[in-house]
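Coordinate analysis (summary)
Each chain, letter by letter, is given below.
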Amino acid sequence: HRLVQGALSMKTYIITILDNPKSVEAAERCAKSVSTFNPILFPAVTPKDDPFQILEDRGITSKVFLETDAGYSYIEPTVSAFLSHYSLWEKCVELDEEVQIFEHDALCVGDLPEVIEYDKVISIGHPSYGKFNIPEQEGVVPLISKSYFPGAHAYRVKPAGARELIAAAKECARATDVFLSINTFPFLEEYYPWPVIADDRFTTLQRKQGCYAKHGYNEEYETI
């Protein structure tokens, strides 16, 4: 794949469980694939951090997390993952600049431009699970692969978008990818052809039922 040459100025974060060797290994692989962006390994929130207390402290509802458990994911790790993203939305607002966010299992395999002209929030990741639609044109398009982010493994957010995500989280926080829905945020977009895949070989979130829908699932896939 091709990246723009030279050190790029956009702040780029890779959500990483720093005390989990598999997460660190995956994050370092991700970092190498986007090395010209000078990526930073960002400490993930984990169940050890008491995520439900963090929700309460930030005035974020836990109601939807508790009501929508369909047996696909473990609740505390799902809340932790959401809070990891939420912390980076706060960082975006604090910096008052666009940021690029990856999960540890993201891997850049295509052309990833330094500049993408979008509104507030844009997915740059290939759908990682289930059925999806393929955009009919290249470049920036409305989010059409799914009605919500096709995995929250790779996206960019601007301060205006981050503020809207933070505000909405108070009332409807849920699993990050489903939270990032066009029903809540009609301005969501995606970039096609998708330059980033989820090269996931293990999960810290999903139960087995949730893993079956993943495109990367096979008999060697680990739940840890």
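Residues numbered from 1 in each chain as written. Predicted model: local features only at pLDDT ≥ 70, side-chain atom pairs only at ≥ 80, totals over all residues. Heavy atoms only, no water.

Some points on the pattern of salt bridges
What the rule picks out here adds up to six salt bridges. Here Glu97 makes a salt bridge to Lys11, at a shortest N to O gap of 3.6 Å. Of this pair, Glu97 sits in the loop between α4 (75-95) and β3 (99-103) while Lys11 sits in strand β1 (residues 11-16), and the two are 86 residues apart along the sequence. Residue class for Lys11 comes out partly exposed when judged on its relative accessible area of 30%. The partner of Arg29 in a salt bridge is Asp199, and the shortest N-O contact between them spans 3.6 Å. Residue Arg29 is found in helix α1 (residues 21-33), and its partner Asp199 is found in the loop between β9 (196-198) and β10 (202-203); the two are separated by 170 residues along the sequence. (Salt bridge = Lys/Arg side-chain N within 4 Å of Asp/Glu carboxyl O. Helix = DSSP H or I, 4+ residues; strand = E, 2+ residues; numbered from the N terminus. Buried < 20%, exposed > 50% of the residue type's maximum accessible area, 1.4 Å probe, protein only.)

Things to note about the nonpolar core
Membership of the largest hydrophobic core comes to 37 residues, with the highest contact counts inside it found for Trp89, Val157 and Phe179. Listed by contribution, the elements that provide at least two residues to this core are β1, α2 (51-57), α4, β3, β7 (154-157) and α5 (159-172). In terms of residue count, the dominant contributor to this core is α4 (seven residues). Non-local contacts of Phe179, meaning those with residues more than four positions away in its chain, are made with Phe82, Trp89, Leu165, Ala168, Ala169, Cys172, Ala173, Arg174, Thr184 and Phe185. Of all hydrophobic cores here, the second largest spans 17 residues; its members include Phe37, Leu112, Tyr118 and Ile122. (Core = buried A, V, L, I, M, F, W, Y, C linked by side-chain atoms within 4.5 Å. Contact = heavy atoms within 4.5 Å.)

Remarks on unusual backbone geometry
The step from Tyr192 to Pro193 runs through a cis peptide bond, and the omega angle for that step is 5°. Assignment of secondary structure puts Pro193 in the loop between β8 (189-192) and β9. In the Ramachandran plot, Asp50 falls in the positive-phi region, its phi being about 60° despite a non-glycine side chain. Within the secondary structure, Asp50 is located in the loop between β2 (40-43) and α2. Since its relative accessible area comes to 39%, Asp50 is described here as partly exposed.

Concerning the environment of Arg163
Considering the arrangement of structural elements, one finds Arg163 in helix α5. The exposure class assigned to Arg163 is partly exposed, which follows from its relative accessible area of 42%. When the C-alpha positions of Arg163 and Val93 are compared, they lie 6.8 Å apart, and in sequence the two are 70 residues distant. Aside from chain neighbours lying at most four places away, what touches Arg163 is Val93 and Asp96.

A few points about the sheet that holds strand β5 (residues 121-123)
Taken together, seven strands build an open sheet; the order of strands is β2-β1-β3-β7-β5-β8-β6 and the sheet is mixed. The open sheet has two edge strands, β2 and β6 (139-142), and neither has a second partner. Going across the sheet, the axis of each strand differs from the next one's by a mean of 30°, ignoring polarity. Here β5 runs beside β7; their pairing, made up of three bridges, is antiparallel. In the sheet register, Ile122 faces β7, and the bridge partner there is Arg156. Set on the sheet, α5 makes contact with β5 and β7; between it and β7 the angle comes to about 105°. (Pairing = 2+ DSSP bridges. Axes fitted to C-alpha atoms, helices over the stretch in contact; angles between N-to-C directions.)

Just geometry here; none of it tells us what the structure is for.
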